[in-house]
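# Coordinate inspection notes
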Amino acid sequence: MTAITGDAPGNLRFYTEVLGLRLVKKTVNQDDVSAYHLFYADAKGSPGTDVTFFDWPWAIKNRPGVPSIAPISLRVASPEALSYWQGRFDETGVAHGEVAEVSGRAALPFSDPEGQLLELVVDGGVAGGVAWDGSPVPAEFQVRGLYGVGLASARAQTTADVLTGVMGFRPAGEVELPGGGREYRLAAGEGGPGTEVRLFAGQPDTEPARQGRGGVHHVAFRVPDDATHEAWRERVERSGLQVTPVIDRFYFKSIYFREPGGNLFEIATDGPGFTADERAEELGKHLALPPFLEPNRQEIESGLVPLPS
């Protein structure tokens, strides 16, 4: 999941000191090297655990609406973890709602200081994530990765058709929303944590979204290797969607396309991973630049606000 912040130092404090995630890669947006790209994840930066941010201080404030990607659903292991987080949020002044059932799982909604919509969802103890010894959060209560993603689409049925007909998701239930409209749950593979998309449709009085700080830029879906990645690119292209060439981001390879309802999707490889240029114990401590940007390090660093190591 890649979102937008207008305050990189504040973003770093919140996601590491409050949420207890590890900064596993401090680098730059390769398409806009004036901006940080910050990656937060579990202890090892495992695929499926990272939430990332572009730092654009000039960005307008995000306005929720259609199309948009929210909330960001994060995994925790147990109902006891939700009780812990309620207390932690009260102590640290984090805006949050009450624990409620969401798509059959107990969830706690909250927001970060810029209004980014998130929720903690009980994953039933399914294996996931590696606890980080440096986290201020006890290991048994730590965030264990991404649970799923919510999508508001301007063309919900067409978005559903792409998710099922092109990307291989399957229907996994639907519910009527309290304020009107419906939520359709879709899952990949066998379903469960890390596989679910919640598609919101027909909500009344929904404004057009305005993407900015405090909102999500795009969502990425995982594939294991380069061959599978290329096959997915060909599949997306054959469907008639406009898809980018494969882009080598050094830490992974990516393709991007916009689904018909207006949201930006990425398909990315799991590797090579964040230890491609840093030892595991050094992750996130220094500005990491891929080899093709290394010759411009001095210029790039001069344009960035210093962040703690």
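To be clear, the structure that these remarks concern was listed above.
Conventions used here
Residues numbered from 1 in each chain as written. Predicted model: local features only at pLDDT ≥ 70, side-chain atom pairs only at ≥ 80, totals over all residues. Heavy atoms only, no water. Helix = DSSP H or I, 4+ residues; strand = E, 2+ residues; numbered from the N terminus. Polar contact = N/O pair within 3.5 Å; in protein donor to acceptor, adjacent residues only side chain to side chain. Contact = heavy atoms within 4.5 Å. Salt bridge = Lys/Arg side-chain N within 4 Å of Asp/Glu carboxyl O. Buried < 20%, exposed > 50% of the residue type's maximum accessible area, 1.4 Å probe, protein only. Expected span 1.5 Å × (residues − 1). Arc of directions from axis to C-beta.

## Re the side chain of T16
Examined against the element boundaries, T16 turns out to sit in helix α1 (residues 8–18). A distance of 2.5 Å separates a polar atom in the side chain of T16 from the backbone oxygen of L12. Look past the residues within four positions of T16 in its chain and what remains in contact with it is L21, L23, Y40 and P136.

## Here we look at the pattern of salt bridges
Following the criterion strictly, the structure yields 16 salt bridges and no others. Of the charged contacts, one joins R75 and D123 as a salt bridge, the two residues approaching to 2.9 Å between their closest N and O atoms. On the criterion of sequence distance, the pair formed by R75 in strand β5 (residues 68–76) and D123 in the loop between β8 (117–122) and β9 (146–152) is long-range, its members being 48 residues apart. Like R75, the residue D123 is buried in the burial classification. Among the ionic pairs, K253 bridges to D226, the shortest N-O distance being 3.0 Å. One end of the pair, K253, is in strand β15 (residues 253–258); the other, D226, is in helix α4 (residues 226–238), with 27 residues separating them in the sequence. We classify K253 as partly exposed; its relative accessible area is 25%.

## Focus on α4
Between the first and last C-alpha of α4 there are 18 Å, a value that for 13 residues agrees with the 18 Å anticipated at 1.5 Å per step. Burial in α4 covers these residues: H229, R233 and V236. When α4 is viewed along its axis, its buried side chains cluster within an angular range of 70 degrees and face the same direction. Turned more than 90 degrees away from the buried face of α4, the exposed residues are A227 and R238. Turning to α4, the residues buried within the fold contact α3 (156–166), β13 (216–223), β15 and β16 (264–269). If you check the start of α4, you find a side-chain oxygen 3.4 Å away from the backbone N of A227, and it comes from D225. G240 lies just past α4 and shows a positive phi near 100 degrees.

## Quick look at α1
An α-helical turn contains 3.6 residues, so any two residues separated by three or four positions project in the same direction. With 8 of its 11 residues buried, α1 lies for the most part within the structure. Of the positions making up α1, those classed as buried are A8, G10, N11, L12, F14, Y15, T16 and V18. Of the residues that open α1, the one with a side-chain oxygen 3.1 Å from the backbone nitrogen of G10 is D7. Of the residues trailing α1, G20 is marked for its positive phi of about 75 degrees.

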